[in-house]
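The primary structure of each chain is shown beneath.
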Amino acid sequence: MISLGIESTAHTFGCGIIDDKGKIYANVTDAYKTESGGIHPSEAKQHHEEVKDKVIEDALNQANLKLKDIDLVSFSQGPGLAPCLLVGLKKAKELAKKINVPIVGVNHCIAHLEIGKLMTKAKDPVLLYPSGANTQVIAYEGGKYRVFGETLDMGVGNFIDSFARHIGLGFPGGPKIEKIALNGKNYVEIPYVVKGMDVSFSGILTNLKQKYDSKKYNTEDLAFSLQETVFAMLVEVSERAMAHCGKKELVLGGGVACNRRLQQMCRIMCEERNAKFFVQPNEVLVDNGLMIAWLGILQRKQGTKNYDSIDIKPYERTDDVLVTWK
Ligand code: ATP
Ligand code: FE2
């Protein structure tokens, strides 16, 4: 069985193709970027409208397949920006109808987790999922992927992007902050905000902006201190979730997981507690259609040809989804 997955929750329109054995045929993405300023939902939607046909065509070409070879179409149902999600839903319905195959809507956050398990062969991991809009520590317990810790306000990626925007860097800011942080040498004290199992970034953002505006600090030192502080917060909560659940594996997923310093800090924590640490290639860490296609395979029993019964779920939470495929 071959599944074609469409991702369109936020800035990225992606199409991936995979079969039920986990054989990867294609993974093509096109991301909306800006030189300065953040992501605007209607511009991201416009971007998706413009690139969607080409991305799907490229994926089929990369896979050396025709549309009629596809047995299942899956798409990101949520969480995400409604205007962007609707582009994916419409395109997925159109394709599925055309070749008369079932369609299945999947949860984007769980897709990050399941592709992580496929790529790393981890069996029962804790997932640290730091992305633009989301920041969660997730593990499977009692029929659901449960959220053991999460951000109380913005996702860590959006936090980094907001600070990057404030200092005149474009979107996405994460890779740019990572680069300049390499030249930071002096740790500047900024708030460290862990509340129970949760983290919060808005106060840190205000503090960092004030420090930058005061012109008393070196920008590279601020980028360095930002990373050291907020990544330590994420590692602390992940470690506690691992101890609480008695799990011995950590998988990193989500766009911010591309960051080398975060990877290194997670690796050290895992070594110290005799746990295994897994990180995936960047192209599956960021938003992509491959993970959507794979979760479609896992959820294929829920596929339907009643195309009009299916809709987007912009606010769906990780722990809303009953895991039926384990
Ligand atoms: P989700 O919908 O899962 O919340 P998302 O739509 O925001 O995710 P992702 O592709 O998972 O998209 O993550 C994008 C985020 O990752 C952006 O905020 C970007 O700045 C951040 N990012 C990418 N590379 C790095 C890096 N090297 N260091 C830090 N952050 C990074
Ligand atoms: Fe994502």
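Analysis parameters
Residues numbered from 1 in each chain as written. Chains lettered and ligands numbered in written order. Predicted model: local features only at pLDDT ≥ 70, side-chain atom pairs only at ≥ 80, totals over all residues. Heavy atoms only, no water. Pairing = 2+ DSSP bridges. Helix = DSSP H or I, 4+ residues; strand = E, 2+ residues; numbered from the N terminus. Axes fitted to C-alpha atoms, helices over the stretch in contact; angles between N-to-C directions. Buried < 20%, exposed > 50% of the residue type's maximum accessible area, 1.4 Å probe, protein only. Salt bridge = Lys/Arg side-chain N within 4 Å of Asp/Glu carboxyl O.

Draft legend 1. Region of interest: the sheet that holds strand S5 (residues 103-107). With mixed pairing, the 5 strands of this open sheet are ordered in space as S3-S2-S1-S4-S5. The sheet is open, and its two borders are formed by strand S3 (24-31) and S5, each paired with just one other strand. Taking each pair of neighbouring strands and ignoring which way they run, the sheet shows an average axis angle of 20°. In this sheet, S5 lies alongside strand S4 (residues 72-78) in parallel orientation, the contact comprising 5 bridges. Paired with Val 73 across the strands is Ile 103, a residue of S5.

Draft legend 2. How the structure looks around the pairing of strand S2 (residues 12-19). Among the 8 residues that make up S2, 8 are buried, leaving the element largely enclosed by the rest of the structure. Burial along S2 is two-sided: the residues Thr 12, Gly 14, Gly 16 and Ile 18 and Phe 13, Cys 15, Ile 17 and Asp 19 are all buried. Relative to S2, strand S1 (residues 2-7) runs antiparallel, the two sharing 6 bridges. Along S2, the bridge assignment pairs Ser 3 with Ile 18. Linking S1 to S2, which pair antiparallel, is a turn of 4 residues. As paired strands, S2 and S3 are joined by 7 bridges and run antiparallel to one another.

Draft legend 3. Here's a closer look at the pattern of salt bridges. All told, the structure shown has 14 salt bridges when counted by the stated rule. A salt bridge links Lys 91 to Asp 53, with the shortest nitrogen-to-oxygen separation between them at 2.7 Å. With a gap of 38 residues between them, Lys 91 in helix H2 (residues 82-99) and Asp 53 in helix H1 (residues 41-63) connect regions that are remote in the sequence. We note a salt bridge from Asp 124 to Lys 247, for which the minimum N-O separation is 2.9 Å. One end of the pair, Asp 124, is in the loop between helix H3 (108-120) and strand S6 (126-130); the other, Lys 247, is in the loop between helix H7 (219-245) and strand S11 (249-252), with 123 residues separating them in the sequence. One salt-bridge network, held together by shared partners, links Asp 53, Lys 91 and Glu 94.

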